[in-house]
Structure formats: structure tokens, C-alpha cells
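# Structural overview for review
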Amino acid sequence: MSKIAGWGRRQLAGVVALVLLVGMFVASRLPEASADERAEMASGYRFTPLSIDIPGGFPQQTIRRVNKDYEHIRAWISSVGAGIAMNDLDGDGLANDLCVTDVRIDRVVVTPTPGAGASRYAAFALDPSPLPMNPYIAPMGCVPGDYNEDGRNDLLVYWWGRTPVIYLAKPGATGLSMATYQPVELVPRAGTATSVYDGPQWNTNAVAVADFDGDGHDDIYVGNYFPDGPVINDTVAGGVAMNDSMSLAYNGGLDHVFRWTGGTTGDRPGATYAEAEGVFPEDVSRGWVLAAGGNDLDGDLLPELYMANDFGPDRLMHNRSTPGKVRFTLVEGTGSRAVVPKSKLLGHDSFKGMGVDFGDIDGDGLYDMYVGNITTTFGLQESNFAFVNTADDQAHVRAQLGDGKAPFADRSAPLGLAWSGWSWDVKFGDFDNSGEADIVQTAGFVKGEVNRWAQLQELATANDGLLKHPLWWPKVEQGDDIAGGQALAFHVKGPSGRFEDLSAELDLDERIPTRGIATGDADGDGRLDFAVARQWDAPVFYRNESPQVGAFLGLRLVHEAGGSAATGAQVTVTGPDGRRHVGRVDAGSGHSGKRSFEVHVGLGETSGPLTVDLAWRDRTGAPRQQRLQLTPGWHTVRVGTQAQEVAS
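Residues numbered from 1 in each chain as written. Predicted model: local features only at pLDDT ≥ 70, side-chain atom pairs only at ≥ 80, totals over all residues. Heavy atoms only, no water.

- Per an unreviewed UniProt entry, the protein chain goes by RNA-binding protein and derives from Phytohabitans houttuyneae.

## Side note on the packing of aromatic side chains
- Enumeration according to the criterion identifies 29 aromatic pairs in this entry.
- Each ring, one from F47 and one from F530, has its centre 5.3 Å from the other, and the planes form 75°; the classification is edge-to-face. In this pair, F47 sits in strand β1 (residues 47-51) while F530 sits in strand β30 (residues 529-534), placing the two residues 483 residues apart along the sequence.
- For the ring pair W76 and F445, a centre distance of 4.9 Å and an interplane angle of 80° mean the geometry is edge-to-face. (Phe/Tyr/Trp six-rings, centres within 6.5 Å; stacked < 30°, edge-to-face > 60°. Helix = DSSP H or I, 4+ residues; strand = E, 2+ residues; numbered from the N terminus.)

## Quick word on empty space enclosed by the protein
- Counting across every chain of the model gives 6 cavities of 30 Å³ or more.
- Estimates place the volume of the largest cavity at around 260 Å³.
- In this structure, the largest cavity is lined by 24 residues; those nearest its centre are D211, D218, T567, G568 and A569.
- Breaking the lining of the largest cavity down by element, the ones donating at least two residues are β10 (204-210), β14 (288-295) and β37 (610-617).
- Here the residues of the lining of the largest cavity are counted per class, giving 9 nonpolar, 8 polar and 7 charged. (1 Å grid on protein atoms, 1.4 Å probe; cavity = no way out; pocket = protein on both sides within 12 Å on 5 of 7 lines; lining within 4 Å. Points joined across faces, edges and corners; volume = space filled by probe spheres on them. Nonpolar A, V, L, I, M, F, W, Y, C, P; charged D, E, K, R; others polar.)

## Description of unusual backbone geometry
- Cis geometry marks the peptide bond from S129 to P130; its omega dihedral reads 15°.
- For P130, the location among the structural elements is in the loop between β5 (124-125) and β6 (138-145).
- Backbone geometry places E149, a non-glycine residue, at a positive phi of 60°.
- Checked against the element boundaries, E149 lands in the loop between β6 and β7 (154-160).
- Its relative accessible area of 18% is what places E149 among the buried residues. (Buried < 20%, exposed > 50% of the residue type's maximum accessible area, 1.4 Å probe, protein only.)

## A look at the pattern of salt bridges
- This model, assessed by the stated rule, comprises 34 salt bridges.
- Residues K344 and D410 are paired through a salt bridge, measuring 2.7 Å at the closest nitrogen-oxygen approach. Of this pair, K344 sits in the loop between β17 (328-331) and β18 (355-359) while D410 sits in strand β22 (residues 408-410); the two residues are 66 residues apart in sequence, bridging distant segments of the chain.
- Classification of K344 as partly exposed rests on a relative accessible area of 21%.
- Taken together, the shared-partner salt bridges connect R38, R498, E500 and E505 into one network. (Salt bridge = Lys/Arg side-chain N within 4 Å of Asp/Glu carboxyl O.)

## Digging into the sheet that holds β30
- An order of β1-β31-β30-β29 is seen for the 4 strands of this open sheet, with the pairing classed as antiparallel. Edge strands, defined here as strands with exactly one partner in the open sheet, are β1 and β29 (514-520). Neighbour to neighbour, the strand axes of the sheet diverge by 25° on average, direction disregarded.
- In terms of strand pairing, β30 meets strand β31 (residues 540-544) through 3 bridges, oriented antiparallel. Along β31, the bridge assignment pairs A531 with F541. (Pairing = 2+ DSSP bridges. Axes fitted to C-alpha atoms, helices over the stretch in contact; angles between N-to-C directions.)

Below is the structure:
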């Protein structure tokens, strides 16, 4: 017996540790909805997938040509570029037009949403001529907006291999075709005009549009990923690099902000922008940005900027601009490192940020943020971020940001939002008009037959001194697979407040890598539809045919001067039950997906009347606010010195 007692004393520390580990595991296990509960949650939704028309006749590809130094990681370099935007491009009052960046043909395609009205015009590819191009340029995304402020929506296209191009809609054009648009340079070219592009070789993967300086006109943030260089020029070797760290990489392409300075209309419309100098510190500007979002978090109608960075900390920039002068300051999360892991503090993470959107997760009337990262079990298990606003009200948010503090805490694990695969774009949207926002999230990286997770894990633990040299990266070629069988996620909040991914129950779980998400009400029935860009596969449109939907408020907010969408306008809706809902006119945020300009707010069983508080800047930059009484349904409101509802 004494021997047994002695053995027990010797093993006591290990036994206690084991008990503690088991106890922590049991305590930390999060509740999961049963199959019946998930089926009940899914019963109110229904989406019908429809094919998107893409014009034929273009050469097809299944992987990119790349710089010779990248040849052995060709599939990795070919993992981005699929994008999609949803908006009203033909002026019929509906968000029933798509701008698709299709990597299979390396073209940007304008096409109607499928279904009713799909015969309005034939799908066509945008043509940048007579602007100079070369064979080593590829489009990465498309951002609708009225860039010359003439009341018609234009298109901004960003690329690898050159600076962005704005396709301005000609006022006299009827219908939609390539003849509708006049391409112009965002960045004026210096020197003698040539037919072959020889300007800066930007490699852009993120664009956010917003009125950053508060002068009443939208500005453009351009986030470059690779440093300038010939990334997809297969005739050369060198002049390129990879990230110089897995967690603190500051050798990416420089970021830029362009201020709107003027626009003209007519047969040859124009838009002019001036680059704002000295906006970001070097280490902020050199992040490997994959997504960006602009939104006013503190109520001053100056949009903050969130930069989701690969291989390094994300950045939240507090806007302190004045008209004509763009100025940001870096704000970061706070908390005890003994309690909160470093990567869970906003601005201190080492995760791989690839998507960001703003929405009210907890229903307190303040904006929260959801960020997509790499979250693959037995692969790279980081986590997404559900940064919930911890401030008491907007005044408290403003005070915290002014003090350099970001009042946000990650609640992704208890909310059920921490793990969803190799994540990309994210979009909030109330798809059943319940009054609670859902979240759609794309996923997947490289699809093939040969599993390369082991090699990627080795890379993740490699010496940072080797990483910036492509030579040291393991092979990721055509046919290799890293997270290629992952499906997009459709997160729905359950009765407990925890989100469940219902993509399988809703038949949204095709095992195809997806990238951009666009949302909008294509047919005006009050139910949000969405479209998804898929990497090396056909894009798909999901028509919302949900059978059990609540009431909604839809707002088309337009400027009194010119009729452009009042981008940046903020909306707070209060129903008879006292619940507050927030929304905004998003001018263009995310990874490679852009939502339409309408504000859509689900209301649940509310029948009205609704108190609607609007805040906006007029075209002079003056901040305005007004309270309206509206009923559920669609409304068009013109804003200038005041807001006034007009006939649709």
C-alpha cells in the first residue's frame, strides 16, 4: 500500500494537470445546435442558384503565367483575381447588373443578373483601349461608383501590373455595351503616350471608396499586395519578392489614397484625382493588404479605414481628416496580454486577413467588424475575428478612438464565428428580414489532387529570413491542393445568440474555392440576393426565394445635386418595438466583392411606422442630419441641405 501511495504522490502533479486539461476542455466546448434545430433555423431561407452569362470567344486559361522566379509556386500566385460587384448600372432603379472579374478569361465582364430582365442587354467585356496595355496585366476587381458625379454609375477596375482604370459612363449612351464607357486613367501618365503600358507595375488586391477627407466627394484607397514588379510576366526572372515574415511582413506594395478633384461629362467624360501625400506610416503602407473597408464608426461622418493584411497585423485607422487633407492615425485594441492572446487584440494579430465588413452583431446600434482569416483545422488554425464594439455609445467610441484605443473585443469563438476554413470575402446581410444580420463568407484556396498542407505547415514554421526569397517556398503547382474542397459559409444567428453555418442545409456548400461576394435586391422584392465569384470556376448568382421573411426598409439615398448615390450616408431605423437597426450606403468595401448602394434593413414582424434617422454630407462637405417617419418597403430619398422622399 505504501508503494502505491508513494507512486500516487509522485504522479500527483501530472494527475492534477490532466484533470485541469480535461476540465478546461469540457468548459471551453461551445454548444452546438442539433440537426433538428439547424433544420428549423434553415427553414426560413431558400436560394436558387442561377448561371451568370459570360461572353464567349476569349482564350481560356486554368492557371496564370507568372514570373520565372514564381514558376514553382505558380498555383499560389494564381489564387486570387475572381471578383464580383452588384449594382444599378443601366439606371432602371434595380441592382440587377453585375461586374464580374473572371480569371478564366482575364476580362472584366458587365452582365445582367439572371432571371427576369436578363435580356435587357448582352453580356460584354470592358475594353481598356485606347489606353495602353501589355500582355502582363490582369484584372483583380471592379468597383462601381459615380466617379465624375454626373448621376450615372461608372466602373473602376484595378489590376496586377498597372494602375487602375475608370470606365466612365457616357451620358448619351442608351442601354449597356462597351460603347457606353470611356476608359480613363486614375493616375495620369507622365511622358510620351505609347500603345504599350510602361507605367508603374502596381499589384492591387484591395480598393475602398469613401469620402475620406469630408469634402462631399468620394476618394479612393488603393491597397497593393506584392511590391511593384513583374509578377505575371513569364518572360523575365527577378524583380519580385515574397513576404519577409509570416507574422510581421512590411515589404508589400505601397498603398495610396486619391482625392477627388473634379469631373466632366459629355461624349468624352473625365474624372480627376490627386494623390494625397504622407497618409500612412511606412510600416502601415507596406502591409500585404487583401481587403479594406471604410465606414464611420464614431459618428462624425468621416469614415475610418480597416486594412486586412496577409502575413501581419491588420490596421484600423481613425479618420482625422479635414477637407482637402486626408489624415489617419493608427488605433489599436487594448487588454491584458495575460488574459487576451496577442493575436486577438485588434492591430496586434499575426493572422492572414482576407476579408472585412461592418455590421451590428449584438444589436446595440453600434458597428462591429467581422474579419476573415485562415481557420482550417489540421491546416493553419488561426481564427476569424468578430470584433464586437465594447463602447457605451458613439460618443464613447469617439473618445476611445481619439485616445488611440480601438474599443473592440474579439468574440468569434463564443459567437460561433471563429472557424470557417481558408476565408476570404465577408458580407453582412439580413436575408430573411428577421431583424438579425446573417453573414456570408467565401472560402477555399487552391483546388487540385495532391495535398500540400504538410509543406505549407513547414513553410509556416520556417526562418523568416528565408521567406522573402521565392526560391525557398515549397512547390504549389497546377494539380496541387490546399483547402481546395472548402465551401462558402452562411452564418445564421440562432436563438441562443450563437451563429451556425447553414450552408449544407441550404445547398450552398459546393466544394469550389470562392472569392468575392456581392449583395443587392435584384428584383425589388425586398429580399437580398447575392452573387459569388469563384476562383477558376464560373461565378454564380443566388436568387433569394426565402418563404418566411419579415418586413424590411429599403432606402435609395441620392444626392440632390446630380442624382449620385449618397455614399457614406448613415441610417438608424427604430421600430415600434424600440429596436434599433443601423445601415449605411457602402461605396465599396471588402476583398473582391462589392454590394449595391441601397440600404436594406430587415425588421422582423414590425409593421411600422418607423423612425428613420439619416446623417450625410452634402456636396459642399457640410454634415447634415434629419429624422423621417417612413413605412416598411422601398423608398427613394433625395439629400442635400435636407432630406426629402421622392417618387420612385
